[in-house]
Amino acid sequence: MKNTNYTAIELMNMENEYGAHNYHPLPVVLDRGEGVFVWDVNGKKYYDFLAAYSAVNQGHCHPKIVDALIEQSKRLALTSRAFFNSKLGPYEKFITEYFGFDMMLPMNTGAEAVETALKLARKWAYEKKGVEKDQAHILVCNDNFHGRTTTIVSFSVDPVATEHYGPFTPGFTVVPYNDVEALEKELTANPNIAGFLVEPIQGEAGVNVPDDGYLKAAYEVCKKHHVLFIADEVQTGIARTGKLLACQYDDVQPDVLILGKALSGGAYPVSAVLANKDIMEVFQPGQHGSTYGGNPVAAEVAIAALQVVEEEKLAEKSYELGLYFREEMEKICERSPIAEKVRGKGLMNALIIDNSDHKNLAWDVCVKLGENGLLAKPTHTNIIRFAPPLVITKEQLGDCIKIIEKTLRSFE
Ligand SMILES: *Cc1c(COP(=O)(O)O)cnc(C)c1O
């Protein structure tokens with residue numbers, strides 16, 4: 001059954017002809033989604049194992065989130081922050097209590113929230129720490145991914161993300177990930193460091209899971225040197241890794257928390273920065289903002305999205321199902337000559353493919369997975385990320401493991 005007037009080929013050609021080629025999508029044209037499933041324009045059904053880079057933790061078109069979106073859109077969508085609105089205050093109270101911070105600053109996309117955190121750290125350094133004008137420095141990690149703005153790509157180490165985008169924003173130093181000694185060395189060498197920006201698990205780098213205790217130790221050396229510990233949980237947050245926040249594995253409450261993606265469950269772009277008052281109070285009227293940030297629709301959608309996480313116990317589910325998934329995948333890796341290993345936490349996992357004989361193997365596996373009814377995408381040529389919506393059931397996940405196994409076998 002056709003759901004649009006165009007064929008899949010026509011739709012792909014239109015994107016190729018009229019759209020900038022800044023993505024390289026798998027040849028699947030999606031038209032509809034519900035829970036863990038998406039359907040293409042020909043009506044073929046797939047398990048979605050990308051979940052919009054973990055924006056759709058709550059599942060596609062979650063009725064509670066969609067209702068919040070529709071109801072608030074009909075009532076009042078946007079006023080800007082030139083006026084108060086009836087939804088922002090309750091949202092700010094809700095989200096700060098939910099994550100245990102004094103205050104929040106609302107933005108729209110993940111990159112904007114990261115930019116906000118960087119500005120916050122710099123301003124804090126000048127006004128609270130006493131760093132001299134224009135000397136503030138921020139430490140970031142090797143293989144980081146924090147978004148696509150000019151400043152954020154300034155400290156990316158990925159040549160694809162940076163080439164021909166210079167000149168870059170100064171004031172950032174890259175330290176190795178999962179290496180507290182290297183971090184401490186930088187902190188000791190430079191008294192002008194404002195913050196340390198880190199992903200608790202590196203998502204885009206290929207689900208790089210640091211050692212247990214790394215985040216805690218990094219947090220403690222930051223404290224010792226009076227430096228803000230800034231956690232980018234845009235991808236790891238909101239139950240994806242089997243805890244509400246991935247930092248909770250190490251009992252760390254960051255000084256600055258960055259959220260995005262699943263904060264809206266995929267219904268709307270909503271991001272936020274959370275911090276306590278002694279930090280957040282450095283922002284005064286006019287010094288930072290966003291036209292759409294904190295709009296009533298975003299507020300209602302985010303509350304609904306966070307309520308779903310709690311009501312449906314998605315963190316607990318993600319934790320349990322993650323154990324099951326890795327256990328089963330490990331068995332597959334043991335006997336498969338092309339599946340090297342699986343790593344991850346909760347339902348944020350990656351399969352490492354041995355592509356030594358065939359460079360594009362991971363891509364080809366993903367195309368075949370699609371044909372077999374499961375959508376996933378390779379990152380860094382030989383890594384396939386598996387991150388389904390957290391509303392997936394154990395039975396469905398078992399079904400997916402069978403699809404993955406069958407697909408891998410067809411390449412052996
Ligand atoms: C996706 C992502 C971002 C950027 O979010 P956008 O909404 O795409 O701007 C930032 N940080 C991390 C860790 C991400 O995964």
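Attention here is on the structure that accompanies the text. Note that the structure is a prediction, hence the values are computed from the model and not measured.

Definitions and cut-offs
- Residues numbered from 1 in each chain as written.
- Predicted model: local features only at pLDDT ≥ 70, side-chain atom pairs only at ≥ 80, totals over all residues.
- Heavy atoms only, no water.
- Helix = DSSP H or I, 4+ residues; strand = E, 2+ residues; numbered from the N terminus.
- Rg over C-alpha atoms; globule rule 2.2 N^0.38 Å.
- Buried < 20%, exposed > 50% of the residue type's maximum accessible area, 1.4 Å probe, protein only.
- Phe/Tyr/Trp six-rings, centres within 6.5 Å; stacked < 30°, edge-to-face > 60°.
- Axes fitted to C-alpha atoms, helices over the stretch in contact; angles between N-to-C directions.
- Parallel < 35°, antiparallel > 145°, perpendicular 65-115°, else oblique.
- Left-handed = near helix turned anticlockwise from the far one by under 90°.
- Contact = heavy atoms within 4.5 Å.
- Nonpolar A, V, L, I, M, F, W, Y, C, P; charged D, E, K, R; others polar.
- Core = buried A, V, L, I, M, F, W, Y, C linked by side-chain atoms within 4.5 Å.
- Domains from an automatic or database assignment.
- Patch = residues over 30% accessible without salt bridge, like charges linked within 9 Å, V, L, I, M, F, W, Y side chains within 5 Å.
- Areas by Shrake-Rupley, 256 points an atom, 1.4 Å probe, with all protein chains shown as cover.
- Salt bridge = Lys/Arg side-chain N within 4 Å of Asp/Glu carboxyl O.
- Pairing = 2+ DSSP bridges.

Digging into the overall build of the chain
Per the secondary structure count, the chain includes 14 helices and 15 strands. The C-alpha atoms of the chain give a radius of gyration of 21 Å, which matches the 22 Å a tight globule of 412 residues would have. In terms of overall dimensions, the chain has C-alpha extents of about 60 × 50 × 45 Å along its principal axes. For the chain, the residues scored as buried account for 54% of the 412 residues in total.

Overview of the packing of aromatic side chains
Tallied over the full model, the rule gives 11 aromatic pairs. Considering the side-chain rings of Tyr177 and Tyr214, the 5.5 Å spacing of their centres and the 70 degrees angle between planes classify their relative orientation as edge-to-face. Remark: Tyr214 occurs in helix 9 (residues 214-224) and Tyr177 occurs in the loop between strand 6 (172-175) and helix 8 (180-189); sequence separation between them is 37 residues. In this pair, the class of Tyr177 matches that of Tyr214, namely buried. Look at Tyr219 and Phe229: their rings are 5.6 Å apart centre to centre, the planes differ by 75 degrees, and that puts the pair in the edge-to-face class.

Side note on the packing of helix 13 (residues 361-371) against helix 14 (residues 394-409)
Packing of helix 13 against helix 14 brings their axes to within 9 Å, and their N-to-C directions diverge by 125 degrees. Compared by their axis directions, helix 13 and helix 14 come out oblique. Like other packed secondary-structure pairs, helix 13 and helix 14 cross with a definite hand, here right-handed. Here helix 13 contributes Val365, Lys368 and Leu369 to the contact with helix 14, which in turn contributes Ile403, Ile404, Thr407 and Leu408. Of the residues in the contact of helix 13 with helix 14, the class split is five nonpolar, one polar and one charged.

What about the nonpolar core?
Counting residues in hydrophobic clusters, the biggest one holds 69 residues, and the most contacted among them are Phe49, Tyr91, Phe99, Leu263, Leu374 and Phe386. Residue contributions to this core peak at 11 residues, all from helix 11 (residues 296-311). When residues of this core are assigned to domains, at least three map to each of domain 1 (8-58 + 313-409) and domain 2 (63-311). If we ignore the near neighbours within four places in the chain, the residues touching Phe49 are Phe325, Leu374, Leu375, Ala376, Arg385, Phe386, Ala387, Pro388, Ile392, Leu397 and Cys400. If you look at the next biggest cluster of nonpolar residues, it comprises 31 residues, including Leu120, Ile138, Ala194 and Ile258.

Overview of a nonpolar patch on the surface
A cluster of nonpolar side chains, namely Tyr6, Met14 and Tyr18, defines an oily patch on the protein surface of about 350 Å² accessible area. Its place among the elements puts Tyr6 in the segment before helix 1 (8-18). Judged by relative accessible area, which is 41%, Tyr6 ranks as partly exposed.

Comments concerning the sheet that holds strand 1 (residues 30-34)
Across a sheet, strands are paired by hydrogen bonds formed along the backbone, either parallel or antiparallel in direction. Pairing within the open sheet is mixed, and its four strands lie in the order 1-2-3-13. In this open sheet, the two edge strands, each paired with only one partner strand, are strand 1 and strand 13 (374-375). Examined bridge by bridge, strand 1 and strand 2 (residues 37-40) share four bridges and lie antiparallel to one another. Among the inter-strand pairings, Leu30 is bridged to a residue of strand 2, identified as Asp40. Each of strand 2, strand 3 (45-48) and strand 13 is contacted by helix 14, which is oriented at about 100 degrees to strand 3, the strand it contacts most.

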